[in-house]
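Observations on the model geometry
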Amino acid sequence: MTAATGNGAEALSDGAADLVERLLAGDRRALARVISLVENRTGDGRAALGQLYQHTGKAHIVGITGGSGAGKSTLANALALELRKRDRTIGIVAVDPTSPFTHGAILGDRIRMQELAKDPQIFVRSMATRGEIGGLAAMTSDVASVLDAAGKDVVIIETVGAGQDEVEIASAAETTIVVLTPAGGDDVQAMKAGIMEIADVLVVNKADLPGADSLKALLLAATTSASRGRLETPILTTVATKREGITELTDAIDEHRQRIERSGERESLRLERARRQILALLRQRLLEEALRAPSLDGSLEELVRGVAERRLDPYTAAARLIAD
Amino acid sequence: MTDEQPIRVLIAKPGLDGHDRGAKVVARALRDAGMEVVYTGIRQTPEMIAEAALQEDVEVVGLSILSGAHAELFPRVVAALKERGINADEILLFAGGIIPDDDIPALKELGFQEIFRPGASTQDIIEFVRDWSAKQRDNGAKGEVAGGP
Ligand code: B12
Ligand SMILES: Nc1nc2c(ncn2[C@@H]2O[C@H](COP(=O)(O)OP(=O)(O)OP(=O)(O)O)[C@@H](O)[C@H]2O)c(=O)[nH]1
Ligand SMILES: [Mg+2]
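Below: a short report on this structure. Since we're looking at a predicted model, the values are computed, not measured.

1. Comments concerning the site of ligand 2
Residue and element names in this part refer to chain A. Looking at ligand 2, there are 18 residues lining it, with G71, K72, S73, T74 and D208 nearest. Contact between ligand 2 and N205: a nitrogen atom at 3.1 Å from a side-chain N or O atom of the residue. A distance of 2.9 Å is found between an oxygen atom of ligand 2 and a backbone nitrogen or oxygen belonging to A240. Protein burial of ligand 2: of its 650 Å² of free accessible surface, 77% is covered by the chains. Among the elements that take part in the shell around ligand 2, helix 4 (residues 72-85) stands out by supplying three residues, more than any other. When its residues are assigned to classes, the shell around ligand 2 shows four nonpolar, eight polar and six charged.

2. Structural notes on the coordination of the magnesium ion (ligand 3)
Residues and elements named next belong to chain A. Listed as protein donors to the magnesium ion (ligand 3) are S73 (OG), D109 (OD) and E158 (OE); their distances from the metal cover 2.1 to 2.2 Å. Expressed as a motif, the donor residue spacing for the magnesium ion (ligand 3) is S-x35-D-x48-E. Taken together, the residues D109 in the loop between strand 3 (105-107) and strand 4 (122-128) and E158 in strand 5 (residues 154-158) connect sequence positions 49 residues apart. Given the relative accessible area of 3%, E158 is considered buried.

3. Some thoughts on the nonpolar core
Membership of the largest hydrophobic core comes to 64 residues, with the highest contact counts inside it found for V146 of chain A together with L10, L63, F74 and F112 of chain B. Counting contributing residues per domain, this core is built from domain 1 (1-55) and domain 2 (56-263) of chain A, each supplying no fewer than three. If we ignore the near neighbours within four places in the chain, the residues touching V146 of chain A are L23, L31, V34, I35, V38, L49 and L52 of chain A. Core analysis: the second largest hydrophobic core is formed by 28 residues, I90, M113, V124 and V154 of chain A among them.

4. Structural notes on the pattern of salt bridges
According to the stated counting rule, one finds 33 salt bridges over all chains in the structure shown. One salt bridge in this structure joins K85 of chain A and E82 of chain A, with 3.7 Å as the shortest N-O distance. Highlighted residues: K85 of chain A and E82 of chain A, both in helix 4, separated by three residues, approximately one helical turn. For E56 of chain B, the salt bridge goes to R125 of chain A, with nearest N and O atoms at 3.8 Å. Taken together, the residues span two chains, with E56 of chain B in helix 2 (residues 46-56) and R125 of chain A in strand 4. Salt bridges sharing common partners tie together E39, R110, R125 and R130 of chain A together with R8, E36 and E56 of chain B.

5. What about the coordination of the cobalt atom of ligand 1?
You will see that the cobalt atom of ligand 1 has only one donor from the protein, H19 of chain B (NE2), lying 2.1 Å away. One can find H19 of chain B in the loop between strand 1 (8-12) and helix 1 (21-32).

6. Observations regarding unusual backbone geometry
Residue and element names in this part refer to chain B. Of note, the phi angle at R43 is positive, near 60°, even though the residue is not glycine. At D57, a position not held by glycine, the phi torsion is positive, near 50°. Tracing the backbone through its elements, the reader meets D57 in the loop between helix 2 and strand 3 (60-65).

7. Quick word on the site of ligand 1
All names here are of chain B. As a matter of local geometry, ligand 1 sits amid 26 residues, with G18, H19, S64, L66 and A120 nearest to it. In this structure, a nitrogen atom belonging to ligand 1 sits 2.8 Å away from a side-chain N or O atom of S64. At 3.3 Å, a backbone N or O of G97 approaches an oxygen atom of ligand 1. The set of elements that each furnish at least two residues to the shell around ligand 1 consists of helix 1, strand 3 and strand 4 (92-97).

8. Points about the environment of I35 of chain A
Residue and element names in this part refer to chain A. Mapped onto the elements, I35 comes out in helix 2 (residues 28-39). The sequence separation of I35 and A144 amounts to 109 residues, and the corresponding C-alpha distance is 9.1 Å. Ignoring any residue separated from it by four or fewer positions in sequence, one finds I35 in contact with F123, R125, V143, V146 and L147.

9. Let's talk about the pairing of strand 1 (residues 60-66) of chain A
All names here are of chain A. In terms of burial, strand 1 is largely enclosed, as seven of its seven residues are buried. Residues H60, V62, I64 and G66 line one face of strand 1 and the alternating positions I61, G63 and T65 line the opposite face, and both faces are buried. Pairing of strand 1 with strand 5, which is carried by five bridges, proceeds in the parallel orientation. Directly across from H60, in strand 5, lies its bridge partner V154.

10. Things to note about the packing of aromatic side chains
The description of two aromatic rings rests on the distance between their centres and on the angle between their planes. Residues and elements named next belong to chain B. Counted under the stated rule, the structure contains four aromatic pairs over all chains. Plain terms: the ring middles of F94 and F116 are 6.1 Å apart, the flat faces sit at 90° to each other, and that makes the pair edge-to-face. Taken together, the residues span a long stretch of sequence, with F94 in strand 4 and F116 in strand 5 (residues 115-116) at a distance of 22 residues. A residue is classified by how much of its surface remains accessible, and F116, at 14% relative accessible area, is buried. The interplanar angle of 75° and the centroid separation of 5.7 Å between the aromatic rings of F116 and F128 together place this pair among those described as edge-to-face. Linking F116 in strand 5 with F128 in helix 5 (residues 122-139), this pair joins segments that are 12 residues apart in sequence. Judged by its relative accessible area of 22%, F128 falls in the partly exposed class. Feature note: the residues F94, F116 and F128 constitute an aromatic cluster, connected by ring pairs.

11. Topic: the sheet that holds strand 6 (residues 175-180) of chain A
All names here are of chain A. Across the sheet, seven strands lie side by side as 4-2-5-1-6-7-8; this open sheet has parallel pairing. Each edge of the sheet is formed by a strand with only one pairing partner; in this case those strands are strand 4 and strand 8 (235-237). If you compare each strand with its neighbour and ignore which way they point, the axes differ by 20° on average. On the sheet, helix 5 (residues 136-149) packs against strand 1, strand 2 (90-96), strand 4 and strand 5 and is oriented at approximately 160° with respect to strand 2. Here helix 10 (residues 246-263) sits on the sheet and contacts strand 1, strand 6, strand 7 (201-204) and strand 8; the angle it forms with strand 6, its principal contact strand, is near 145°.

What counts and what doesn't
Residues numbered from 1 in each chain as written. Chains lettered and ligands numbered in written order. Predicted model: local features only at pLDDT ≥ 70, side-chain atom pairs only at ≥ 80, totals over all residues. Heavy atoms only, no water. Near = heavy atom within 4 Å. Polar contact = N/O pair within 3.5 Å; in protein donor to acceptor, adjacent residues only side chain to side chain. Areas by Shrake-Rupley, 256 points an atom, 1.4 Å probe, with all protein chains shown as cover. Helix = DSSP H or I, 4+ residues; strand = E, 2+ residues; numbered from the N terminus. Nonpolar A, V, L, I, M, F, W, Y, C, P; charged D, E, K, R; others polar. Donors = N, O, S within 2.8 Å, 3.2 Å for Na, K, Ca; no water. Buried < 20%, exposed > 50% of the residue type's maximum accessible area, 1.4 Å probe, protein only. Core = buried A, V, L, I, M, F, W, Y, C linked by side-chain atoms within 4.5 Å. Domains from an automatic or database assignment. Contact = heavy atoms within 4.5 Å. Salt bridge = Lys/Arg side-chain N within 4 Å of Asp/Glu carboxyl O. Pairing = 2+ DSSP bridges. Phe/Tyr/Trp six-rings, centres within 6.5 Å; stacked < 30°, edge-to-face > 60°. Axes fitted to C-alpha atoms, helices over the stretch in contact; angles between N-to-C directions.

Structure (structure tokens):
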């Protein structure tokens, strides 16, 4: 236990310490195991992150978001292949939704990433959202950190949909690609939901389908009015299935990274992310601790009933929990 | 949030066999039973399947095959797993599809714990996975790092 990091985290068990060592030495199975520890929110997972954190910060974290079926996985596949040509190593985290009813999930993003399995320099991990309200962004970010520590040059995070969760997950990325398609009626919706604001690169995928040009024109109009002096968001068209437009997309991603590096924005992004991470963890820990307090035994239910029956207001109820 | 960790399963179709209904039925049934199911799609080489099992850190690997090529492909999957340090007895390896009676002993010998054939009830399949996982977790409850190095 040497590191200056990891002070507040739990001690690493011998088994996990061994995994961390092997991960740093390039063992892919150990990498997969550590990701599970982190994903399962185990003490070992937190401790492993504590050890690994000092090895992070090198990878370029790229988020791909957009409506269901927009072609995110196909794009991630094409991007990974192009980045490999540029001699970069790749980690991919592909997130699919957990069913709120059964808590199960089908993780199907690999179907579009078949070719990547042959290359030991590409590591693909599927992840279910596990109904983590607000915690998903932190978890995705942690898994990306593990891949970063394992030495991946680029870590791609694929998320689904166009809601608040996605905006949050994208915040774990340095460069966010928003994918739209001429086929999806969800484009206007995406614009409303604030997805456009988080886009560093906009992609009109499925450009082989009719309507791509008019969508691009629409986006162009929307971004010019929204950018207000900021550098304009590049809008690219791709046909992910045929790998058309991928060189340009890869260039745009690289350029974005260089730009934020030069302008100092990368640094401020990092500060912002660090602050958010600490505060999110603090919030979570405090909540867990408050709810675990022995004095709470049963009293939460009583307070809940009290508020529901209007004997008590929620502010007073919460204050009582803290006071106890 | 550290209730029960979901069981992670890989469902894969080796070879050129395009019959994917059964694999999808099983994947969905396991999903509905609360498991996280990585589905890789059709036309997987043994190496791709083993690589997915490694990267996804699954505890269950299920192969689906209706083409008749199991006798050739299944040993190669087992070998590819082993090459990556995954022994058949560390995970639940099982399969389903069109597999004649005569072939089953050899597959069991290889490490396949059960073979489910046409008409198999998804409930039985779910229970089989659950039972195995429960036993496994009982055994491995000593430390957080199941299996060790
Ligand atoms: C539907 C079907 C097709 C469809 C497939 C559609 C699709 N996308 O799946 C189509 C028409 C495309 C098709 C094509 C062909 N087919 Co076809 N097809 C069938 C048929 C009639 C039913 C299969 C099916 O979908 N069953 C429903 C599902 C739900 O059942 P299941 O797959 O058996 O799965 C269950 C269990 O086996 C088990 N299970 C399955 N996988 C797994 C995995 C795990 C991990 C577990 C635990 C359990 C499990 O659980 C499931 C639920 O009970 C079978 C005959 C039969 N009775 O099985 C022939 C059959 C499989 N086909 C056959 C053949 C020969 C072909 C073709 C070569 C025909 C041709 N000459 O063109 C092509 C090849 C296509 C290809 N690319 O591979 C033969 C295979 C012979 C063999 N193995 O020796 C069969 C057996 C017909 C026969 N009696 O000759 N076929
Ligand atoms: N015509 C056309 N189809 C495409 C293109 N890119 C992807 N697709 C198809 O769109 C479908 C969905 O692609 P995916 O890559 O799985 O999309 P996704 O956004 O990852 O989907 P989810 O993860 O399920 O949200 C697949 O059938 C792809 O083959 C494209 O450029 N043109
Ligand atoms: Mg996808």
